[in-house]
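Each chain, written out:
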Amino acid sequence: MRKQIAAANWKMNLTLSQAETLLNEIVATPHHLGENQQAVFAVPAIYIPLALEKLANKPHVFVAAQNAHQKQSGAYTGELSASMLASIGVNHIIVGHSERREYFAESDALLAEKVDAILSIQSTPIFCCGEPLSIREAETQNAFVEAQLKNSLFHLSAEAIVKVVIAYEPIWAIGTGKTASSQQAQDIHAYIRSCFATKYGEAVANEISILYGGSVKASNAKEIFSQPDVDGGLVGGASLIATEFAAIINALS
Ligand code: 13P
């Protein structure tokens, strides 16, 4: 059975003392994770050791990185590798967030290399896809997202693809307060799953967790997560408020 995941993406926010306060509040705020559910915290890299310490020994809770380089080591000043992250206990890495695609010119081909680097050391890529507003308005979002999946993931074997978590994040819904309706989310999640089914077969497609991201908050999480092909969320703004994120975790159905 595929996992349900509530993932926090703190992006480039918070000072050390603010990060510490938020982690303390998260630990103190009641939330429930069932056997098949996970909470993942993608904190800024500099706060990873702190998050690992604060969230240690919490069942079903993982600390993640927001990015990693496509090589495992070498002369790449300023970068972090998947192996370095794994060596300190971080085995989940966000790949291809729309902000990295846009501001750091990350291409589909580069993201394929990053996915390979992460999988090669048995870590988990959280692979982001999603269309800009112009594509949604032209109603060509399915083809747009399918191309992202094909270009960065379809070289993987069936054994490898089930280890990838997908996060569908329509760019027009990120940080805008404008959420996709639960029906819009369901429609494209079902389409994404059908792409995997065509390539890898139904059984494999049904094992892949597909998260929705874009203005998820406590007030809309339950409805979005209740859709049959939505397996949780990747959450930006609302993950910076402990009570909001705890409610989002509890909304995993
Ligand atoms: P918001 O939840 O702030 O819209 O951000 C979504 C996102 O980009 C998570 O990766």
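You'll find the structure just up there.
Residues numbered from 1 in each chain as written. Predicted model: local features only at pLDDT ≥ 70, side-chain atom pairs only at ≥ 80, totals over all residues. Heavy atoms only, no water.

Q: Can you walk me through the packing of helix H5 (residues 108–120) against helix H7 (residues 141–153) in this structure?
A: Axes are the key here: two packed helices are described by the angle between their axes and the distance separating the axes. Where H5 meets H7, the axes come as close as 7 Å, and the angle between the chain directions of the two elements is 50°. Taken together, the axes of H5 and H7 are oblique relative to one another. Note on packing geometry: the crossing formed by H5 with H7 is right-handed. Residues Asp108, Leu111, Ala112 and Val115 of H5 pack against Ala147, Gln148, Asn151, Ser152 and Leu153 of H7. By residue class, the composition of the contact of H5 with H7 is five nonpolar, three polar and one charged. (Axes fitted to C-alpha atoms, helices over the stretch in contact; angles between N-to-C directions. Helix = DSSP H or I, 4+ residues; strand = E, 2+ residues; numbered from the N terminus. Parallel < 35°, antiparallel > 145°, perpendicular 65-115°, else oblique. Left-handed = near helix turned anticlockwise from the far one by under 90°. Contact = heavy atoms within 4.5 Å. Nonpolar A, V, L, I, M, F, W, Y, C, P; charged D, E, K, R; others polar.)

Q: Just checking my understanding: could you explain the site of the ligand for this structure?
A: The environment of the ligand is formed by 13 residues, the closest being Lys11, His97, Gly175, Ser215 and Gly237. In the model, an oxygen atom of the ligand is placed 2.6 Å from a nitrogen or oxygen of the Gly175 main chain. One of the backbone N or O atoms of Gly237 is found 2.8 Å from an oxygen atom in the ligand. Protein burial of the ligand: of its 310 Å² of free accessible surface, 95% is covered by the chains. Among the residues forming the shell around the ligand, the class breakdown is four nonpolar, seven polar and two charged. (Near = heavy atom within 4 Å. Polar contact = N/O pair within 3.5 Å; in protein donor to acceptor, adjacent residues only side chain to side chain. Areas by Shrake-Rupley, 256 points an atom, 1.4 Å probe, with all protein chains shown as cover.)

Q: Explain the side chain of Glu169 to me, please; I cannot follow it from the model alone.
A: Its location among the elements puts Glu169 in the loop between strand E6 (165–168) and helix H9 (182–200). One buried charged residue, Glu169, forms no salt bridge at all, with the nearest opposite charge on Lys11 at 6.0 Å. Filtering out sequence-adjacent residues up to four positions away, Glu169 remains in contact with His97, Cys128, Cys129, Gly130, Glu131, Ile174, Gly213, Gly214 and Leu234. (Buried < 20%, exposed > 50% of the residue type's maximum accessible area, 1.4 Å probe, protein only. Lys, Arg positive; Asp, Glu negative; His and termini not counted. Salt bridge = Lys/Arg side-chain N within 4 Å of Asp/Glu carboxyl O.)

Q: Just checking my understanding: could you explain the nonpolar core for this structure?
A: Nonpolar side chains in soluble globular proteins tend to end up buried together. Membership of the largest hydrophobic core comes to 69 residues, with the highest contact counts inside it found for Phe41, Phe127, Leu149, Leu153, Ile166, Ile192 and Phe196. The dominant element in this core, judged by the number of residues it contributes, is H9, at seven residues. Among residues more than four places away in sequence, those in contact with Leu153 are Val115, Phe127, Ile161, Val164, Ile166, Phe196 and Tyr200. One finds Ile5, Ala64, Ile94 and Val165 within the second-largest nonpolar core, a separate group that totals twelve residues. (Core = buried A, V, L, I, M, F, W, Y, C linked by side-chain atoms within 4.5 Å.)

Any functional reading would require information beyond the geometric quantities listed.
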